[in-house]
Amino acid sequence: MSEKIPADDLTRALVIRDVEDALHLGLVGDTYTVLLNGEDTAGRYCLIDMHVPPGGGPPPHRHDFEETFTLLEGELEFTFRGKKMTAKAGETVHVPANAPHQFHNGSKSVARMLCICAPAGQERFFEEVGVQVATRTQAPPKLDGPAMEELGKKVFGLAPKYKTELL
């Protein structure tokens, strides 16, 4: 039995966004550029261009949505359920919902990847905790001890709202 495809939703528009005109957010030393947000995709997913300098990457965490990374440049170490592996440019890594994971750039070169989170919502978390920067490659400002502590409290406080757990 085949189901009919729904009619075209004429309230939705084609989205074309230049990477340099998108929202650039500095977070955990990285710069994340929101190419498509939930409003663009009717909540189905978000698409984020991630610029990860040497030493960059988030702490271990998990969340209730699917996350897929396609490396465009460089390489990153991914830890998935406690096991480490290296992903290189041209490879795609998929993290199932709820699985503990993290990525880290242990190399001496910048890594760049596209990240899809489905459904959308992660981009809103990044907007609330990140710092807006001017370009896709601009590093976020360095934070001193008290500012890092304040950011940590904000991240831990907002994480449950976005169904994320920091480990």
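Treat the numbers as computed from the prediction; the structure is a model and nothing was measured. Sequence order as written defines residue numbering, which begins from 1 separately in each chain. Owing to the predicted nature of the model, reporting of local features is limited to residues with pLDDT of at least 70; listing and counting of side-chain atom pairs is limited to 80 or more, with chain, interface and lining totals taken over all residues. Where side-chain values are given, they derive from all heavy atoms of the structure, hydrogens and water being excluded.

J.: For this particular structure, what's the right way to read the overall build of the protein chain?
T.: The secondary structure listing takes helices from DSSP runs of H or I that are at least 4 residues long and strands from runs of E that are at least 2 residues long, numbered from the N terminus. Each helix and strand in the protein chain was counted, giving 2 helices and 12 strands. Moving toward the C terminus, one meets the helices and strands of the protein chain in the order β-β-β-β-β-β-β-β-β-β-α-β-α-β. Note on method: radius of gyration uses C-alpha positions; expected globular size equals 2.2 Å times residues raised to 0.38. For 167 residues, the compact-globule formula gives about 15 Å, and the C-alpha radius of gyration of the protein chain, at 17 Å, lands near that figure. The classification of residues rests on relative accessible area computed with a 1.4 Å probe and restricted to protein chains. Under 20% of the type maximum is buried, over 50% is exposed, and intermediate values are partly exposed. Across the 167 residues of the protein chain, 38% fall into the buried class.

J.: I would appreciate a short explanation of helix H2 (residues 145-158) in the present structure.
T.: Note on helix geometry: an α-helix contains 3.6 residues per turn, so any two residues three or four positions apart are oriented the same way. In this model H2 runs 20 Å from its N-terminal to its C-terminal C-alpha over 14 residues, within 8% of the 20 Å that 1.5 Å per residue would give. Whenever two N or O atoms come within 3.5 Å, that pair is a polar contact, provided that in protein one can donate a hydrogen and the other can accept it, and provided that, for residues adjacent in sequence, both atoms are side-chain atoms. The distance from a side-chain oxygen at the start of H2 to the backbone nitrogen of Ala147 is 2.9 Å, and the residue carrying that oxygen is Asp144. Take the number of residues in a helix, subtract one, and multiply by 1.5 Å to get its expected span.

J.: I keep staring at the nonpolar core and nothing clicks. Help me out?
T.: Among the buried residues, those of types Ala, Val, Leu, Ile, Met, Phe, Trp, Tyr and Cys that are joined through side-chain atoms within 4.5 Å form a nonpolar core. Ranked by internal contacts, the top residues of the largest apolar core, which has 30 residues, are Met50, Phe69, Leu76, Phe78, Phe103 and Met113. The residues contacting Phe78, other than those within four sequence positions of it, are Phe69, Leu71, Lys83, Lys84, Met85, Ala87, Val93, Gln102, Phe103 and Met113. Contact definition: two residues touch when any of their heavy atoms are within 4.5 Å.

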